[in-house]
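A structural walkthrough
Next come the chains, spelled out residue by residue.
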Amino acid sequence: MENNYHVCTGCALLCDDIEVGSEKNKINKVFTACRIGMAHMKEGKGEAIFRVDNKSVDEATAINEAVTILRNAKKPLIFGLGASTSETQKIAIKLAKKINATLDDNSSFCLGGVVETLIKNEMKTCTLDDVRNKADVIIYWGTDPSDSHPRLLSKYSYFPRGKEKQRGWEEERTAIAVDVRKSHTAKISGNYFFQIPPKGDEEFIDAVIAGLSGKLPKTSYNYPPKKLLELANILKGAKFGVIFVGCGLIYSLESLESLSRLMKVLNEKANIHLMAMVGNYNSMGFNENLFAETGYLNSVKFENGIVKHGPEYSIVESLKAKTVDAALIVDSDPFSILPRSIVKNLQEIPVVSIDPYETLTSRHSKVYINTAISGVEAGGTATRMDRVKVSFEPVIEANRPSDEAILKKIMEAL
Amino acid sequence: MTNAMELYQMLPKTNCKKCGKASCMAFAVVLMARELKPEDCPPLVEEPKYKENYEKISNIFKPSENATETGLIVHEDLCFGCGNCVVACPPNVANDPHGVGSGNAPTNPNKLVLTVQDGIVKAQNLGECRRFGKNKILCNGCIVTCPVEAIEFV
């Protein structure tokens, strides 16, 4: 078989070993990718759609309308970009500066806190290739990669043979799942699945720390101390451990203090790394790009060259307080992912949606511009969840403009 | 899964040797290994008193619908293509250690038992499967690694 591999931009794993078969500029066969990747790669089709007030228009009209909305807005919001290329993100940051916009992405209500500690090198991290080659203890905490990042277990973490782990998962690796329900990943972990009640993570961390220091681990929900001590012993013996942290853990913790305490204690006795289970394929890239530009990861507001940062500039808080009067949504679907009480405020302001897919947001937008799918119809670069840069070329020829081209045109017109 | 003793119970138990084996128990063992078929026992087929048992044994060996030669079924509606089974399958690892054995794309697809195509696992080259042939063993590498029980052997 020809070794002509493509990168899948279906999730933050950015699998770089996907082969495709195509006919008449349409992908009809996808090899090695999971179902998410397959659906993502096969989606590329059709002509561009431009809509204003749900009526089809031409490209120039749609861009003009978008420009008018952004020009008339006093406090615009730019949101999304987790599923855009780094090039698009950089233009969006420039655009936000130019129009004094509030700029935010999903990380403000997902894994932003953990990602920040990783970008600032406050916690020990590693790459996915290190995990494959060296990891002996792998913990999935508050996350179900089997469903969200299907190939994490098979391509990087648990099942593959690595350079220093030639005998594979049966003998040399231990997979541990900590979750509130028996997820698909927990099923793989078998006896090392630790089921805790919702909001029980903080206590569980304290109990593990107690176990690590040789004390009797106690929890208010009476988790069997024997099992906790067993977990502590496995962690103590880890030569190269990695904790994959998901939203389940982050939502349950009041602050990241307990997690960093756990990491500190663990690394006194063993070698444990932390990785954030970032969802969108280039969410990490957005956080890095914005950090390089402003020193913050998300929730920023530009005001005549000054950068303001704080939770009040996140999409949730700014919509709740109605401090924005127009929104530019790029490659994201807030109508589906945010609660109704928040999103109803988004319905009251004009929304410009730039997205390769028809979404609930695109249907509720004043202006909708349908763009090329990055990674399938458009090339670029992105940052994987372990902060490795991956660049990709388009797989098929696009009939639609890329996000980058559209944002550039809007920028020029402004 | 049935065993040789259960099959023996359903055979005529007359040790007539018409099948070419020394005893009915020996026939049950080779039947279990699928080297001979139930039809190779003439009394079982011909004599009406064994009719019921013959039907029972035939049903055991009747290939299930959609099942491959080794009895492997992939429930395509459940599988989401994570590829755990592809990477864990022992013949896959042995035949392609740097490709699928290391979690990557297959470099030697002609010798692989399991590959992922269009987001669903596909079984092929069953001659390589450890459940096939004379020295078969009840390997369950692909079953225990599947998070959604999409692989089954019948």
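About the criteria used
Residues numbered from 1 in each chain as written. Chains lettered and ligands numbered in written order. Predicted model: local features only at pLDDT ≥ 70, side-chain atom pairs only at ≥ 80, totals over all residues. Helix = DSSP H or I, 4+ residues; strand = E, 2+ residues; numbered from the N terminus. Rg over C-alpha atoms; globule rule 2.2 N^0.38 Å. Contact = placed C-beta atoms within 7 Å. Nonpolar A, V, L, I, M, F, W, Y, C, P; charged D, E, K, R; others polar. Pairing = 2+ DSSP bridges. Axes fitted to C-alpha atoms, helices over the stretch in contact; angles between N-to-C directions. Buried ≥ 20, exposed ≤ 12 C-beta atoms within 10 Å, placed from the backbone. Domains from an automatic or database assignment. Expected span 1.5 Å × (residues − 1). Arc of directions from axis to C-beta. Core = buried A, V, L, I, M, F, W, Y, C linked by C-beta atoms within 7 Å.

1. Quick word on the overall build of chain A
Helix and strand counts for chain A come out as 19 helices and 18 strands. Against the globule reference of 22 Å for 414 residues, chain A gives a C-alpha radius of gyration of 22 Å, in line with a compact fold. For chain A, the spread of C-alpha atoms along the three principal axes comes to 70 × 55 × 30 Å. Summarising the internal contacts of chain A: among those between residues at least 6 apart in sequence, 67% fall at separations of at least 24.

2. A look at the interface of chain A and chain B
A common way to report how large an interface is uses the accessible area buried once the components associate. The partner chain B presents 23 residues to the 30 residues of chain A that form the contact. Secondary structure elements with two or more residues in the side of chain A that touches chain B: β2 (26-31), α1 (35-42), α7 (152-157) and α9 (184-189) of chain A. Its residues placed into classes, the side of chain A that touches chain B shows 15 nonpolar, six polar and nine charged.

3. Description of the sheet that holds strand β8 (residues 174-179) of chain A
Residues and elements named next belong to chain A. Sheet architecture is open: five strands sit in the order β9-β8-β7-β10-β11, paired in parallel fashion. In this open sheet, the two strands that pair with only one neighbour each are β9 (193-195) and β11 (272-276). Here the strands of the sheet are splayed against their neighbours by 15° on average, with no regard to which way each runs. Summarising the sheet, strand β7 (residues 137-141) and β8 pair through five bridges and their orientation is parallel. Residue pairing for β8: V137 is matched across the bridge by T174.

4. Some details on the pairing of β7(A)
Residue and element names in this part refer to chain A. Burial runs high along β7: five of the five residues are buried. Here β7 shows no split at all, with V137, I139 and W141 on one side and I138 and Y140 on the other all buried. Direction of pairing for β7 relative to strand β10 (residues 241-245): parallel, over a ladder of five bridges. Looking at β10, one finds that I138 is bridged to V242.

5. Details of the pairing of β11(A)
Residues and elements named next belong to chain A. Across the five residues of β11, five count as buried, placing the element largely inside the fold. Side-chain alternation along β11 places I272, L274 and A276 on one buried face and H273 and M275 on a second face that is also buried. Both β10 and β11 contribute to a ladder of five bridges, which runs parallel. Considered in β11, the bridge of G241 is made with I272.

6. So, the domain arrangement of chain B
Domains assigned within chain B are domain 1 (4-61) and domain 2 (72-153). A C-alpha centroid distance of 33 Å is found between domain 1 of chain B and domain 2 of chain B.

7. Details of the sheet that holds strand β6 (residues 102-104) of chain A
All names here are of chain A. If you walk across this open sheet you meet the nine strands as β4-β3-β16-β15-β14-β5-β6-β12-β13, and the pairing is mixed. A single partner strand is all that each edge strand has here, and the edge strands are β4 (55-56) and β13 (306-309). Alignment of strand β3 (residues 50-52) against strand β16 (residues 367-370), held across three bridges, turns out to be antiparallel. Across the sheet, the residue bridging to R51 is Y368, located in β16. Where helix α2 (residues 59-72) meets the sheet, it contacts β3, β5 (76-80), β14 (326-330), β15 (351-355) and β16, and its direction lies at approximately 50° from that of β3.

8. Here we look at α2(A)
All names here are of chain A. Its 14 residues place the ends of α2 20 Å apart at the C-alpha level, agreeing with the 20 Å of an ideal helix rising 1.5 Å per residue. Every buried residue of α2 is listed here: A62, I63, E65, A66, I69 and L70. Burial along α2 is one-sided: seen end-on, the buried residues are contained in an arc of 160°. With respect to the buried face of α2, the exposed residues turned more than 90 degrees away are A60, R71 and N72. Check the buried side of α2 and you find it contacts β3, β5, β14, β15, β16 and α19 (403-413).

9. Section: the nonpolar core
V245(A) and A276(A) are the most contacted members of the largest nonpolar core, which totals 153 residues. Setting aside chain neighbours within four positions, we find V245(A) in contact with V114(A), W141(A), G142(A), T143(A), I250(A), L274(A), M275(A), A276(A) and M277(A).

10. Focus on the domain arrangement of chain A
Residues and elements named next belong to chain A. Along its sequence, chain A is carved into domain 1 (19-110 + 281-413) and domain 2 (112-276). For domain 1 and domain 2, the distance between their C-alpha centroids amounts to 32 Å. Taken together, the contact between domain 1 and domain 2 spans 15 residues of the former and eleven residues of the latter. Among the residues making up the side of domain 1 that touches domain 2, the classes are represented as eight nonpolar, four polar and three charged.

11. Comments concerning helix α10 (residues 201-212) of chain A
Helical periodicity: at 3.6 residues per turn, an α-helix aligns residues three or four positions apart in one direction. All names here are of chain A. Along its twelve residues, α10 runs 16 Å from first to last C-alpha, staying within 8% of the 16 Å computed at 1.5 Å per residue. All of the buried residues along α10 are D201, F204, I205, A207, V208, G211 and L212. Taken down its axis, α10 places every buried residue within 165° of arc, on the same side. Directly after α10, the chain includes G214, whose backbone phi takes a positive value near 80°.

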